[in-house]
Structure formats: structure tokens, C-alpha cells
Amino acid sequence: MHKNFKDHVVFYPQHQDDETLWGASAIIEAIKECGADNVYIVLVSDGSGVNVFNQLEQFKGISRKEKEILRNNEFKAALSSLGVKNSNIRILADETEKTGTHYDLMEKAILDFENKFSSVTQVSQHYQYDNHPMHRKNGIVLKRLSDEGKVKDARYFVKPAYVKDIPEDKRDTYTVNNEEDKVKVKGALDAYKTKNEKEQLYGIGYMSTHKYFDHLYNDPQYTSVLSRY
């Protein structure tokens, strides 16, 4: 069961692959409810710090920007499979000369969307129930704005291990139950696993966190959970 989205939905994954691992089915549902024109993805970090780049010889010596591009190749391919319009993808690292993660620009984007649309759901990582400090900091940005009354409908990605910590009446569960949607989610997962040098795809997402990918691959309904808490 889940509560309907508002007329527009914005997802803020911290890193490339977060949107698929924790929100693929929710993104598909948002597109069904609101239309692809009204669903946005805003990437907060450039993703260049992933350990894979330090562990494999083939990536030694490439620049931070080159690392970001390789990660974004997977990111954009995954979102294309899920049905997200390329024009509705924002990569905050490309909007500034600063490197790294961009919580300040995330806050600005949240407020801009809130001011632009009278009816919008905004979705970030969870501010508490997540084992990654950058994810939690991502969630804290949205939670603070929500607590200040500046965001009307805030929701948060929940990793499977933390679902039990979210009260049932504050938990939205999304699944895919037809072949067309299952193909979309599997395609998004595969975008992070496929190695195709011609397409500049190297399976970086899967190598970096294969246990989370395998968990979702092994879930026949590709379950995503969002918290309203």
C-alpha cells in the first residue's frame, strides 16, 4: 500500500545507483501517477569517490571528471530504462565548479521546486535510518526544510534492513507486478552491471555494492519502500 504522490515528484539520490536500488518501483509508480513530464531526478554527488576507482588498475590516473562521466553513463542509462525523461535529470555537479557533493545546491533545488509547483512530493535518502553518512546528510537537508514548513510533502528512501524501523502507517511500499515494468527495473539494474566499452559502461555501480544489487535482482517484485517519517 502507498499514499499517492502529489502532482509533481522530485527524487534526490545521493549517488548514481541509489535511485534504482531504493526507488526503482517508486519512480515507475510516480511516472504512472503524474506522467513522465512531472517526475524529476536530481543527483546530489558526483559519485567519483567510489572505491572501485581505487581498486582497479584500469581506472588508475583518470580525472575526477572522467570518473563522474563514467558513473553518469550508467545513471542515465538506468533512468532511461525506468522511463525518466533526460530533460528532467539534473546533475548538481555540472552546475558548479566545486567538486564533490552539493548539499547547498540540493537545498536550493528543493526550495525552487517547492516555489515552482503548488503540489510536489520531494524524496531524499533517509536522515536517520541509513548506514551511509552521506545518505543521512542528504536526508537531513530535506527533513530540516520539512520541519521548518518549507516542504509540504517529504518522503525518504529506506534500505531493506531499516524497513522495520519505519511505523507501518508511515511506510509506502511499491512493487512492480507486470512484465513490462519488471523489464524496466531489470534494465535499470543491468545498466549498473553491464560492461560495454563502446558505450563507456564498466559495471561500476554493481562492483561497488553488489550485495544491494543482488538483493533487488532476487526480489521478483523489485520492492521499494519510502518513509513519510
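Predicted model, so just to flag it, every value in this text is computed and none were measured. (Residues numbered from 1 in each chain as written. Predicted model: local features only at pLDDT ≥ 70, side-chain atom pairs only at ≥ 80, totals over all residues. Heavy atoms only, no water.)

Peer 1: Is there a simple way to explain the pairing of strand β5 (residues 154-157) in this structure?
Peer 2: Sheet topology places strand β4 (residues 120-124) next to β5; three bridges connect them, and they run parallel. Within β5, the position partnered with S124 by the bridge is Y156. The β-α-β motif built from β4, the intervening helix α5 (residues 133-147) and the parallel element β5 has right-handed crossover chirality. (Pairing = 2+ DSSP bridges. Helix = DSSP H or I, 4+ residues; strand = E, 2+ residues; numbered from the N terminus. Right-handed = clockwise from strand over helix to strand, strands pointing away.)

Peer 1: How should I be thinking about the nonpolar core in this particular structure?
Peer 2: A general trend in soluble globular proteins is that nonpolar side chains are found buried together. One finds F5, F11, F75, L82, V185 and L189 to be the most contacted residues of the largest nonpolar core, which totals 38 residues. A total of nine residues in this core trace back to one element, the largest contributor, which is helix α1 (residues 18-34). Beyond its immediate stretch of four places on either side in the chain, F5 contacts F11, A26, E29, A30, E33, C34, T121, R155, Y174 and L226. V10, Y12, F113 and L145 belong to the second largest nonpolar core, which has 21 residues in total. (Core = buried A, V, L, I, M, F, W, Y, C linked by side-chain atoms within 4.5 Å. Buried < 20%, exposed > 50% of the residue type's maximum accessible area, 1.4 Å probe, protein only. Contact = heavy atoms within 4.5 Å.)

Peer 1: How should the layout of surface pockets be read in this particular structure?
Peer 2: Empty space among the atoms can be located by rolling a probe the size of a water molecule over them. In this model, the largest pocket occupies a volume close to 440 Å³. Together, 27 residues line the largest pocket, and H15, V50, R71, H132 and H135 are the ones closest to its centre. Looking at which element gives the most residues to the lining of the largest pocket, the answer is α1, with three residues. Looking at side-chain class alone, the lining of the largest pocket contains seven nonpolar, 14 polar and six charged residues. (1 Å grid on protein atoms, 1.4 Å probe; cavity = no way out; pocket = protein on both sides within 12 Å on 5 of 7 lines; lining within 4 Å. Points joined across faces, edges and corners; volume = space filled by probe spheres on them. Nonpolar A, V, L, I, M, F, W, Y, C, P; charged D, E, K, R; others polar.)

Peer 1: Explanation requested: the packing of aromatic side chains in the structure shown.
Peer 2: The description of an aromatic ring pair uses the distance of the two centres, along with the angle that the planes make with each other. A full pass over the atoms with the stated rule returns 13 aromatic pairs. Aromatic side chains F5 and Y174 sit 5.6 Å apart centroid to centroid with 10° between the ring planes, which places their arrangement in the stacked category. Within this pair, whereas F5 is found in the segment before β1 (8-11), its partner Y174 is found in strand β6 (residues 171-174), the two being separated by 169 residues in sequence. Both rings, one in F59 and one in Y202, keep their centres 5.8 Å apart while their planes meet at 85°; by these two values the pair is edge-to-face. Separated by 143 residues along the polypeptide, F59 in the loop between α2 (52-55) and α3 (64-82) and Y202 in strand β8 (residues 201-202) bring together distant segments of the chain. Like Y202, F59 is buried. Linked through ring pairs, F5, F11, F157 and Y174 together constitute an aromatic cluster. (Phe/Tyr/Trp six-rings, centres within 6.5 Å; stacked < 30°, edge-to-face > 60°.)

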